Every structure is written in C-alpha cells, then in structure tokens.
Amino acid sequence: MKAAALRVAVAAGVASMALAAVAQEAPKKVTDIQGKPMVDFTMTTLDGKTLTNKDLMGKTTIIDFWATWCGPCIAAAPKLDAIYKEYKDQGLQVIGANGFERGDARENVQKYLDSKKDHPLTYTMTLGNDELAKGLGVTGIPTFLVINAEGVVDFVGVGFNEDKIREATTTALAFAKTAKKPIKGTKAATATKATKLIKPKAPTTPQPKIDREAVYALKGKDFPKMNMKLLSDKSFTNADLKGKVTVIDFWATWCGPCKAAAPKLQAMFDEMKGQGLQIVGANAGERGEGGKRIQTKDNAVDYVKEHGYTYTFTYANDQLF
C-alpha cells in the first residue's frame, strides 16, 4: 500500500462523499429542482387566501400536486393527512396543490372534501396550480415536494412513497430546529415579521462540475493524497485516516441538503465514535459576498459554532473536491 494513501471502502478506512450542487437553470423535469430554492409562486386557497414563498419560511412544507380524478392521489390523501397530524406541532404544513382538473376545479374539490366529512382532510388545499406544476416539470401525479425551513426543496417524489416522504419530512424538521429563523406559530415568531425567500445570488465564477463517474471510480482504490486544513489551521492528511473508519462529507453553508444532513451526521458520530468512526466535514465551493467563491474559513466556523457540531471540519477543499 502507498505510504500516503489508504484504500477506499476497506477496513483500514472508508471515505464516503456526500455531494450537492445548485444550478440556476429552469428545470427540465420536476426532479431537477431537488436541492434548489423553491421557485416563486402564488397559490390560492379554497377560501380565497393567498400563499406565496414567504409562507414557506421557518416551516417544513409538503406540497402535493394532485387532482380529484387521480386514483393514486385520492388513496394517498388520508395517509398524507396522518403525517400532517403527527408532525404539525413540530412545524409541518401540508399544501394540497390541486391542478389538471377536468371540469370546474372548485366544484370538484369541494365535492371531494364534502365526501370526506366522516374522515375530513385537515391540511390546506389550493386551486388552479396547473401553470406552477407545468413550470416545475410535473408530468405525473401525485407529485410531492418536501421543502425545508429555508425554502429549499429537499425531496421530490413522483408517486406516493410514505417511507421516503416521512424520512424527508423528519430530516427537514430536524434541520428546522437548527435554523436561525423561528418557526411560525411559536412564541419566538410572534415578534418577527414574515421573511421573504432570498434566492442565492448567481456566483461570479463558474460552479464546480461534479464528475460523478470519477467519484464512483474511487471505490476500491487508494484514497488520493490530501492535505486538508482544519478550522484550527492544523493539517489533516491521509495519515489521519489510518486505523479509522472515515466519512468525508463535501458541503457548503449555502447548500440546503448539506445542512439538512448535518444533524444526522452528528447523531451517527455520537453513536459510533467509540467504535472508531470519524467524520470530516470538508467545506468546499463556499461563497462570500455577491456570490463570489472564497477559500476562507469564516462561514464554516460561524456555522459550526452556531449549531454545536463536534465532528471534524476542514475548509478550502475546492481543489480536492
């Protein structure tokens, strides 16, 4: 074995990479919006109220694109309502985004809801979402979005998969507990005005393109020679992998899915550190003012201190990334 490298995915050390990137192009299919800020929208509820992006902030939100003629949509609705009832006190809201109706949408939806009076649906219903659905690339229903407390789409599911929706929801709720913004409806939120969704500024330098084939090709091979900088500015090298099982997470403070994953990584570290696990949060692709790429540690230091994470963090990993 090379002196400066360890084998990837063997007992001597494991390097697992979690990669996320945000692009600004319009989605070609609905799954393209996963990991990106939810597009600007305006919905109208059955009682005529308006919902916009600002109503997402500080909440975990499930949006369900559905129609009354859609059998799988109707079958999913009671289970979706059960998820809402289970987690609404933790900050979950569910929006049934009706669209693609045949005939009068309001009449169809009201008739459907009236038929459920013995087991009423308690989450919010909106009408006239055809253009929003088409703009997002929705081509089949039901389609579900799980949006985190910062307005980023964490999960897209075509068809109802309860396990995956629950997993995405609980992950987003865990992230909401670490977010700066208070959850609406709590005492902390009463003195705070609704926050508008702020989209990330377009970076002035090209974003890193992930060569996924090259990443997958690392499996079973020696891990590349590295020299990371810890937040203390000390070095972290291949020698620090020896005798440990290591998870390396490439992440950035602007990346919603990265931040949603961090609490689970911390829990994994707490559970298994005594068995030889170490986790390295390798900060990369970081952005400063105006969206400019930066190689400093300030963002990462502030984020780690704010959330109290105790696993290892490094910065300025763009070259390794």
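Here the structure is shown first, and the text comes after it.
If you're wondering where the values come from, they're calculated on a predicted model, not measured in any experiment.

A.B. asks: How should the pattern of salt bridges be read in this particular structure?
C.D. replies: It is possible for side chains of opposite charge to pair when their charged atoms get near one another. In this structure the tally under the stated criterion is five salt bridges. Asp-81 is the salt-bridge partner of Lys-85, the closest N and O atoms lying 3.2 Å from each other. Taken together, the residues Lys-85 and Asp-81, both in helix 1 (residues 71-87) and four residues apart, mark about one turn of the helix. Classification of Lys-85 by relative accessible area gives partly exposed; the value is 43%.

A.B. asks: Sorry, what's going on with empty space enclosed by the protein here?
C.D. replies: Over the atoms a probe the size of a water molecule is rolled, and this reveals where empty space is left. Scanning the entire structure with this criterion turns up three cavities of 30 Å³ or more. Estimates place the volume of the second largest cavity at around 50 Å³. Every residue along the wall of the second largest cavity is listed here: Asp-249, Trp-251, Cys-258, Lys-259, Ala-262, Tyr-303, Tyr-309, Tyr-311 and Phe-313. When residues of the lining of the second largest cavity are traced back to their parent elements, those giving at least two are strand 10 (245-251) and helix 6 (256-272). At three residues, helix 6 tops the list of elements feeding residues into the lining of the second largest cavity. Within the lining of the second largest cavity, the residues separate by chemical class into seven nonpolar, no polar and two charged.

A.B. asks: Help me understand the sheet that holds strand 12 (residues 312-315) in this model?
C.D. replies: Backbone-to-backbone hydrogen bonds join strands into a sheet, with any given pair of strands oriented parallel or antiparallel. Pairing within the open sheet is mixed, and its five strands lie in the order 9-8-12-11-10. Each edge of the open sheet is held by one strand with a lone partner, namely strand 9 (235-237) and strand 10. Between one strand axis and the next, the sheet turns by 40° as a mean value, whatever way the strands run. Here strand 8 (residues 227-230) runs beside strand 9; their pairing, made up of three bridges, is antiparallel. Bridging from a neighbouring strand, Lys-229 pairs with Ser-235 of strand 9. On top of the sheet, helix 6 reaches strand 10 and strand 11 (277-283); it is set at about 155° to strand 11, its chief contact.

A.B. asks: Any chance you could explain the nonpolar core here in plain terms?
C.D. replies: The tendency in soluble globular proteins is for nonpolar side chains to be buried side by side. Residues Met-38, Ile-62, Ile-63, Phe-65 and Leu-145 are the most contacted members of the largest nonpolar core, which totals 48 residues. Tallying contributions element by element places helix 1 first for this core, with seven residues. Beyond its immediate sequence surroundings of up to four residues, Phe-65 is in contact with Ala-97, Asn-129, Leu-132, Ala-133, Leu-136, Val-138, Ile-141, Pro-142, Thr-143 and Leu-145. Within the second largest apolar cluster, 19 residues are counted, among which are Cys-258, Ala-300, Tyr-303 and Tyr-311.

A.B. asks: What am I meant to see in the state of the cysteines here?
C.D. replies: Should the sulfur atoms of two cysteines be covalently bonded, the bond is a disulfide. According to the stated counting rule, one finds two disulfides in the structure shown. Here Cys-70 pairs with Cys-73 through a disulfide, and the sulfurs are 2.3 Å apart. Between Cys-70 and Cys-73 the sulfur-sulfur dihedral comes to about 80°; the bridge is accordingly right-handed. Taken individually, Cys-70 and Cys-73 each receive the classification buried, so the pair is uniform in this respect. At a sulfur-sulfur separation of 2.3 Å, the disulfide partner of Cys-255 is Cys-258. Around the S-S axis, the bridge from Cys-255 to Cys-258 shows a dihedral of about 80° and counts as right-handed.

Definitions and cut-offs
Residues numbered from 1 in each chain as written. Predicted model: local features only at pLDDT ≥ 70, side-chain atom pairs only at ≥ 80, totals over all residues. Heavy atoms only, no water. Salt bridge = Lys/Arg side-chain N within 4 Å of Asp/Glu carboxyl O. Helix = DSSP H or I, 4+ residues; strand = E, 2+ residues; numbered from the N terminus. Buried < 20%, exposed > 50% of the residue type's maximum accessible area, 1.4 Å probe, protein only. 1 Å grid on protein atoms, 1.4 Å probe; cavity = no way out; pocket = protein on both sides within 12 Å on 5 of 7 lines; lining within 4 Å. Points joined across faces, edges and corners; volume = space filled by probe spheres on them. Nonpolar A, V, L, I, M, F, W, Y, C, P; charged D, E, K, R; others polar. Pairing = 2+ DSSP bridges. Axes fitted to C-alpha atoms, helices over the stretch in contact; angles between N-to-C directions. Contact = heavy atoms within 4.5 Å. Core = buried A, V, L, I, M, F, W, Y, C linked by side-chain atoms within 4.5 Å. Disulfide = S-S within 2.5 Å.

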